[in-house]
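# Structure assessment
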Amino acid sequence: MSAPAARPGAPVEGFRTAPEHRHPRGRERRVRGRERRVRVWERRVCSAGLPPLWAGRCTVLSEPARRAAAVRHTAATLAALPGPYRLVFALLMRVFPAAVVLADPTGPFRGAADRTRPRRVADRLSAVPGCAELLRVSLALALHGALDGAPDGAVYGQLPGAPPGPPPGAAEDRAPLDLPRGSAAAPRRGPR
């Protein structure tokens with residue numbers, strides 16, 4: 001015996017759907033709250049001293065525009081993590097400046113001419129548990145944000161000031177993939 005098909009009932013007087021119950025400015029508040037969390041994480045990333053170490057590891061992150069995009073992407077990703085992970089990263093970022101000082105205690109006294117200091121400190125911190133993971137994860141996020149991310153309002157993957165590309169969803173001029181026929185990823189070619 002099968003169950004009868006569910007039929008939509010007539011609207012009940014005074015019944016409101018779920019979107020009508022939501023506050024009209026609820027989305028705006030959520031966006032503002034998310035932006036506030038991202039700004040807090042941007043300050044944490046910068047105060048931990050991560051951007052100069054990223055630039056010491058990868059020269060592409062020494063450009064100010066790319067470094068800003070890297071900080072923004074890293075902060076947005078860390079702000080979106082679940083609570084326990086955010087707590088661990090926040091604690092690591094609090095301890096990280098002390099680890100930087102311990103990794104190269106005489107560095108600040110050498111002057112600004114020492115351009116190899118960020119690389120040297122990053123290499124030394126790569127051997128310290130906790131700091132190594134923070135440096136590795138944040139560098140990966142920073143590179144993704146600097147090289148693949150786009151600033152707010154720009155087309156994803158397009159650098160600021162570059163000529164606009166094709167609109168999203170437009171056909172791309174790419175050669176088709178040469179996948180073996182019958183594989184799960186291969187597109188079907190005509191009827192079988």
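Calculation criteria
- Residues numbered from 1 in each chain as written.
- Predicted model: local features only at pLDDT ≥ 70, side-chain atom pairs only at ≥ 80, totals over all residues.
- Heavy atoms only, no water.
- Patch = residues over 30% accessible without salt bridge, like charges linked within 9 Å, V, L, I, M, F, W, Y side chains within 5 Å.
- Areas by Shrake-Rupley, 256 points an atom, 1.4 Å probe, with all protein chains shown as cover.
- Salt bridge = Lys/Arg side-chain N within 4 Å of Asp/Glu carboxyl O.
- Lys, Arg positive; Asp, Glu negative; His and termini not counted.
- Charge placed at Lys NZ, Arg CZ, Asp CG, Glu CD.
- Helix = DSSP H or I, 4+ residues; strand = E, 2+ residues; numbered from the N terminus.
- Buried < 20%, exposed > 50% of the residue type's maximum accessible area, 1.4 Å probe, protein only.
- Contact = heavy atoms within 4.5 Å.
- Core = buried A, V, L, I, M, F, W, Y, C linked by side-chain atoms within 4.5 Å.

On to a positive patch on the surface. There is a patch of like positive charges on the surface, built from Arg27, Arg29, Arg30, Arg32, Arg34, Arg36, Arg37, Arg39, Arg43, Arg44 and Arg94. Looking at the positive patch, the element that brings in the most residues is helix α2 (residues 26–47), giving ten residues. Here Arg37 is to be found in helix α2. The exposure class assigned to Arg37 is partly exposed, which follows from its relative accessible area of 42%.

Tracing the backbone shows Ala146 in helix α7 (residues 131–147). Between the alpha carbons of Ala146 and Thr74 there is a distance of 9.6 Å; along the sequence they are 72 residues apart. The contact partners of Ala146, leaving out residues within four places of it in the chain, are Leu61, Arg66, Ala69 and Ala70.

Membership of the largest hydrophobic core comes to 31 residues, with the highest contact counts inside it found for Trp41, Leu50, Trp54, Leu61, Met93, Phe96 and Leu125. Sorting the residues of this core by element identifies α2, α3 (50–57), α4 (64–79), α5 (83–103), α6 (117–125) and α7 as the ones contributing at least two each. Residue contacts for Leu125: discarding those within four places in its chain leaves Leu53, Phe96, Ala99, Val100, Ala103, Cys131, Ala132 and Leu135.

All quantities given are derived from atomic positions and should not be read as evidence of function.
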